[in-house]
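# Fold and contact review
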Amino acid sequence: MGIGSTWTFLGQIGTNAGFGIEAVSYAIAISAFGGVAGGLAASWLNIRIGRSAPFIMASIGLVTSVLVLMTETPMYALFVACCVSVYCLWTFILPYLLSALAEAEHSGRSLALGSTAQGAGFMLGPFLASILLSTASYNAVLAFSAVAVTLSLLLFLNSTGRAPTAQGSIPR
């Protein structure tokens, strides 16, 4: 829900920040390179450092990118960097999520349901964001996105048994 709510309104967020439609379109188009880079990075990294560490790092990066989009003094280079980062980290995080599902349940049903849940989240996130936009601003949408990504991180950690310990460290 979180990534979809940001991605769906990224163009409007950019034009609302004062960037022209051509510049915003260019930033979103350039972000596709980030998407490819994220998928390649996840493929290269694989599970060398486990599944939790990459998921945590990517989630923190996503939340950071979304929060940066909320800044009151927009800079175009920062907007482009956030677009690229969101798409890169989105495609980076998906293989770790799906591999955790596959490891948790071996019949394949969880993967099918995971893909369905992803589609439902991509539908529900923008829908809820549009409701927020009817009464609030794009910053409310971005805050919703940051909260949703944070909640998904916590659910991921809880479901994989990788929740932070009392000492604050995260087991592999």
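Throughout what follows, the structure given in this document is the object of discussion. Please read these numbers as outputs of a predicted model, since none were measured by experiment. (Residues numbered from 1 in each chain as written. Predicted model: local features only at pLDDT ≥ 70, side-chain atom pairs only at ≥ 80, totals over all residues. Heavy atoms only, no water.)

## Examining the packing of helix α6 (residues 109-135) against helix α7 (residues 138-159)
Between two packed helices, both the angle of their axes relative to each other and the distance between the axes serve to describe the pair. Relative orientation of the contacting elements α6 and α7 amounts to 145°, with a least axis distance of 8 Å. Our pair here, α6 against α7, has a crossing hand that is right-handed. Here Gly125, Leu128, Ala129, Leu132 and Leu133 of α6 lie close against α7, whose contacting residues are Tyr138, Ala140, Val141 and Phe144. Of the residues in the contact of α6 with α7, the class split is 8 nonpolar, 1 polar and no charged. (Axes fitted to C-alpha atoms, helices over the stretch in contact; angles between N-to-C directions. Helix = DSSP H or I, 4+ residues; strand = E, 2+ residues; numbered from the N terminus. Left-handed = near helix turned anticlockwise from the far one by under 90°. Contact = heavy atoms within 4.5 Å. Nonpolar A, V, L, I, M, F, W, Y, C, P; charged D, E, K, R; others polar.)

## Some words on the packing of aromatic side chains
By the definition in use, this model includes 8 aromatic pairs. Arranged with centres 5.4 Å apart and planes meeting at 40°, the rings of Phe19 and Phe79 form a pair that is tilted. Of the two residues, Phe19 is situated in the loop between α2 (10-16) and α3 (21-45) and Phe79 in helix α5 (residues 76-104); the sequence distance between them amounts to 60 residues. For Phe19, a relative accessible area of 14% puts it in the buried group. Through a chain of ring-to-ring contacts, three or more aromatic side chains come together here, namely Trp7, Tyr87, Trp90 and Phe122. (Phe/Tyr/Trp six-rings, centres within 6.5 Å; stacked < 30°, edge-to-face > 60°. Buried < 20%, exposed > 50% of the residue type's maximum accessible area, 1.4 Å probe, protein only.)

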